[in-house]
Amino acid sequence: MKVFHSTTPKIFLASWVSLNPANASNTNVTALYSRSSEPDRDILQPLRLWIDNIKVSDRAFAHRLCKLIPAQCPFERDVKLFGKTLFHIPPMCKLNPLYEEVVGLRFRALCYLADDCSEDISQYC
C-alpha cells in the first residue's frame, strides 16, 4: 500500500477568500506601525521650499545653474583593471535629500533657456 492512496482524499486547499465575509466595522485591525501623536518634522522642508521657489528669469543665472548642476551623477564609475571591470560604483546622487529639488531647478533653467531665450541647450545634455 502506498502512502498517497490514503492521504489524497484528505487534502484540501485553503484560500484567502472567505465564504462569510466579516463586516469591516466588526473587525479589529491593528496597524503594522504606529505613528506618534506628533507630526513628522522634516528639518530640510524650508530648504526644499526655498529651492522650489527659485525663479529662473535671467539668462546668465540659467547658464550658471546648468553648468553647476550635472546632468548625470558624477560619482558613478566602473573600476577597471587590465580591461576587466572589478566593480561598479552606483550613482549616489539619489542619497542626497535635496536631489529632486536640485534636478528640478536645473530642468527649470533648461526650460527657460530653450523656451524663453530660444537657445540651443544641447551643450548641457
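Provided above is the structure to which this section pertains.
Conventions and cut-offs
Every chain is numbered independently, its residues counted from 1 as its sequence is written. Confidence filtering applies because this is a predicted model: local features only for residues at pLDDT of at least 70, side-chain atom pairs given and counted only at 80 or more, and all residues used for totals across whole chains, interfaces and linings. Note: side-chain values were computed over all heavy atoms of the structure, leaving out hydrogens and water. Secondary structure is summarised from DSSP: a helix means a run of H or I of at least four residues, a strand means a run of E of at least two, and numbering begins at the N terminus for each. Relative accessibility under 20% of the residue-type maximum defines a buried residue, over 50% an exposed one, and the middle range a partly exposed one, all with a 1.4 Å probe and only protein chains included. Should any heavy atoms of two residues lie within 4.5 Å, those residues are counted as being in contact. Areas reported here follow the Shrake-Rupley algorithm with a probe of radius 1.4 Å; residue values treat only the protein chains shown as occluding. Any carboxyl oxygen of Asp or Glu that lies within 4 Å of a side-chain nitrogen of Lys or Arg is treated as forming a salt bridge with it. Like-charged residues are merged into a patch within 9 Å and nonpolar side chains (Val, Leu, Ile, Met, Phe, Trp, Tyr) within 5 Å, provided each residue has over 30% relative accessible area and no salt bridge. Here the axes come from fitting lines to C-alpha atoms, over the contacting stretch only for helices, and the angles between their N-to-C directions go from 0 to 180 degrees. Note on terminology: angles under 35 degrees are roughly parallel, angles over 145 are roughly antiparallel, angles of 65 to 115 are roughly perpendicular, and the others are oblique. Residues are sorted three ways: Asp, Glu, Lys and Arg are charged, Ala, Val, Leu, Ile, Met, Phe, Trp, Tyr, Cys and Pro are nonpolar, and all the rest, Gly among them, are polar. Among the buried residues, those of types Ala, Val, Leu, Ile, Met, Phe, Trp, Tyr and Cys that are joined through side-chain atoms within 4.5 Å form a nonpolar core.

A. Seen up close, the overall build of the protein. Counting its secondary structure elements, the protein contains 4 helices and 2 strands. Going from N to C terminus, the protein has its helices and strands arranged as α-α-α-β-β-α. The proportion of buried residues among the 125 residues of the protein is 17%. Summarising the internal contacts of the protein: among those between residues at least 6 apart in sequence, 57% fall at separations of at least 24. Summing over all exposed atoms, the protein offers an accessible surface of approximately 11300 Å²; the carbon and sulfur share of this is 59%.

B. Main features of the pattern of salt bridges. Applying the stated criterion across every chain, the model contains 3 salt bridges. Measuring nitrogen to oxygen at the nearest pair gives 2.3 Å for the salt bridge that ties Asp 42 to Arg 48. According to the relative accessible area criterion, Arg 48 is buried, its value standing at 17%. A salt bridge links Glu 119 to Arg 59, with the nearest nitrogen and oxygen atoms 2.9 Å apart. Pair noted here: Glu 119 is in the segment after α4 (99–116) and Arg 59 is in helix α3 (residues 59–68), with a separation of 60 residues, a long-range link. With a relative accessible area of 22%, Glu 119 lands in the partly exposed category. For Arg 59, a relative accessible area of 41% gives the class partly exposed. Three or more residues joined by partner-sharing salt bridges are found here, namely Asp 42, Arg 48 and Glu 101.

C. Local environment of the side chain of Glu 101. Considering the arrangement of structural elements, one finds Glu 101 in helix α4. The class of Glu 101 is buried, set by a relative accessible area of 12%. Beyond its immediate sequence surroundings of up to four residues, Glu 101 is in contact with Arg 48, Ile 51 and Asp 52.

D. Main features of a nonpolar patch on the surface. Together, Leu 81, Phe 82, Leu 86 and Phe 87 make up a nonpolar patch on the protein surface, roughly 490 Å² of accessible area in all. Looking at the secondary structure, you find Leu 86 in strand β2 (residues 84–89).

E. Layout of the packing of helix α2 (residues 45–52) against α4. In contact at an axis separation of 9 Å, α2 and α4 are set at 10° when each is read in the N-to-C sense. Accordingly, the angle class assigned to the pair α2 and α4 is roughly parallel. Together, Arg 48, Ile 51 and Asp 52 of α2 and Glu 101, Val 102, Leu 105 and Arg 108 of α4 make up the contact between the two elements. Of the residues belonging to the contact of α2 with α4, the class tally is 3 nonpolar, no polar and 4 charged.

F. Examining the nonpolar core more closely. Among the nonpolar cores identified, the biggest contains 15 residues, and Val 56, Leu 105 and Leu 113 are the most heavily contacted of them. With 5 residues, the single largest contributor to this core is α4. Those residues in contact with Leu 105 that lie beyond four places of it in its chain are Ile 51, Ile 54, Val 56, Leu 65 and Ile 69.

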